Amino acid sequence: MKLIFLGPPGAGKGTLAVRAVDILKIPHISTGAIFRSAIAAKSPLGLKVKAIIEGGHLVDDQTTIALVKERLAQEDAQNGYILDGFPRTVPQAEALAGFSPVDRVVNFDIPDSAVLERLSGRRVCRNCGTNYHITFNKPKQEKVCDTCGGEVYTRDDDREEAVAKRLEVYREQTAPLIDYYRKKGILIDVDARPLVDEVVANFKKALGV
Ligand code: AMP
């Protein structure tokens, strides 16, 4: 099954994706995570996108589309995938339709107030990318990842100024994709406000798995 997870930053796409990988046995492909590893590795791609991402802006369509096209051509993505954070613009969605049309788009339905609460407390493992929250989902040991022992930190783009920019960018450039996919008849709405176990249950029910 080829899936897109669509929703504002902080809606819980990454957290649900980790659970959905187990359920559906398909890879989780997060463009944000790919960009963050490129930044950490100081690769040419990382150097190019660092300032853009830290300011809460979008990386250009051409770069992002090329990256996803290459990733989806890999062996592990041939039986399906979960795309998290892509597409984020209509041109990205149109490009994807040309090289790998998806089966379903899961729309994470959540009000801005909940998103702000989540982003302000969100922490992430620098090594494996596991998400935490300082109130709802703490690592067992402060600042240490339960999964891999890596350092748990605040993403640079989760700081207040960048968060406001990211929400504005989401509303202007990404939210139009909700209608775009609804019109194609492949959109599923999932209430993303509850805690993760309930969201997982809503997701399974909506998808019929
Ligand atoms: P995320 O981890 O999905 O919140 O992505 C973090 C940041 O990476 C975003 O705020 C953008 O700067 C960049 N990014 C991730 N995916 C895309 C995309 N599909 N198009 C453009 N920029 C992206």
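Residues numbered from 1 in each chain as written. Predicted model: local features only at pLDDT ≥ 70, side-chain atom pairs only at ≥ 80, totals over all residues. Heavy atoms only, no water.

**Considerations on the pairing of strand E3 (residues 81–84)**
Put simply, the rule is: Type-normalised accessible area, obtained with a 1.4 Å probe on protein chains alone, sets the label of each residue: buried when under 20%, exposed when over 50%, and partly exposed for intermediate values. Strands here are runs of E lasting at least two residues and helices are runs of H or I lasting at least four, both read from the DSSP assignment and numbered beginning at the N terminus. Criterion used throughout: strands pair if DSSP finds at least two bridges between them.
Along E3, one buried face is formed by Tyr81 and Leu83 and the opposite face, lined by Ile82 and Asp84, is buried too. With 4 bridges joining them, strand E1 (residues 2–6) and E3 adopt parallel strand pairing. Residue pairing across strands places Ile4 opposite Leu83, the latter belonging to E3.

**Structural notes on the sheet that holds E1**
To keep things clear, this is the line we draw: Here, axes are lines fitted to C-alpha atoms. For helices the fit covers the stretch in contact, and angles between N-to-C directions go from 0 to 180 degrees. A contact between two residues is defined here by any heavy atoms of the two lying within 4.5 Å.
Strand order in the open sheet formed by 5 strands is E2-E3-E1-E4-E8, and the pairing between neighbours is parallel. Each having just a single partner strand, strand E2 (28–30) and strand E8 (187–191) make up the two edges of the open sheet. For this sheet, the mean angle separating the axes of adjacent strands, direction not counted, is 25°. Pairing of strand E4 (residues 104–109) with E8, which is carried by 5 bridges, proceeds in the parallel orientation. Note on E8: the bridge partner recorded for Val106 is Ile188. Across the sheet, helix H2 (residues 31–40) touches E2 and E3, and the angle it forms with E2 is around 65°.

**Focus: the site of the ligand**
Note the cut-off: When we say a residue is near a molecule or strand, we mean one of its heavy atoms is within 4 Å of it. Two N or O atoms form a polar contact when they lie within 3.5 Å of each other; inside protein one atom must be a possible hydrogen donor and the other a possible acceptor, and for residues adjacent in sequence the pair counts only when both atoms belong to side chains. Under the grouping applied here, Gly and all other residues not named as nonpolar or charged are polar, the nonpolar ones being Ala, Val, Leu, Ile, Met, Phe, Trp, Tyr, Cys and Pro and the charged ones Asp, Glu, Lys and Arg.
Surveying the vicinity of the ligand reveals 16 residues, the closest of which are Thr31, Arg36, His57, Gly85 and Arg88. In this structure, a nitrogen atom belonging to the ligand sits 2.9 Å away from a side-chain N or O atom of Gln92. Take the shell around the ligand: its biggest share by element is 4 residues, from H2. Taken together, the residues that form the shell around the ligand break down as 5 nonpolar, 6 polar and 5 charged.

**Here's the deal with the environment of Gln173**
Structurally, Gln173 can be placed in helix H7 (residues 160–174). Distance from Gln173 to Asp146, taken between C-alpha atoms, is 35 Å for residues 27 residues apart in sequence.

**Considerations on a nonpolar patch on the surface**
Worth spelling out the cut-off: Think of a patch as exposed residues, more than 30% relative accessible area, with no salt bridge, where like charges cluster within 9 Å and nonpolar side chains (Val, Leu, Ile, Met, Phe, Trp, Tyr) cluster within 5 Å. Per-residue and other accessible areas were derived by the Shrake-Rupley procedure at a 1.4 Å probe size, with only the shown protein chains allowed to occlude residues. Here a salt bridge means any side-chain nitrogen of Lys or Arg lying within 4 Å of a carboxyl oxygen belonging to Asp or Glu.
Where nonpolar side chains cluster on the molecular surface, the patch consists of Met1, Ile23 and Val209 and spans about 210 Å² of accessible area. Tracing the backbone shows Ile23 in helix H1 (residues 13–24).

**Focus on unusual backbone geometry**
Here the bond from Phe86 into Pro87 is cis, since omega is -5°, no more than 30 degrees from zero. Within the fold, Pro87 resides in the loop between E3 and helix H5 (90–99). At Lys42, a position not held by glycine, the phi torsion is positive, near 55°. Locating Lys42 in the fold gives a position in the loop between H2 and helix H3 (44–54). In this structure Lys42 comes out as exposed when scored by relative accessible area, which is 63%. Backbone geometry at Lys143 places phi at a positive 65°, although glycine is not the residue there. Within the fold, Lys143 resides in the loop between strand E6 (131–133) and strand E7 (152–153).

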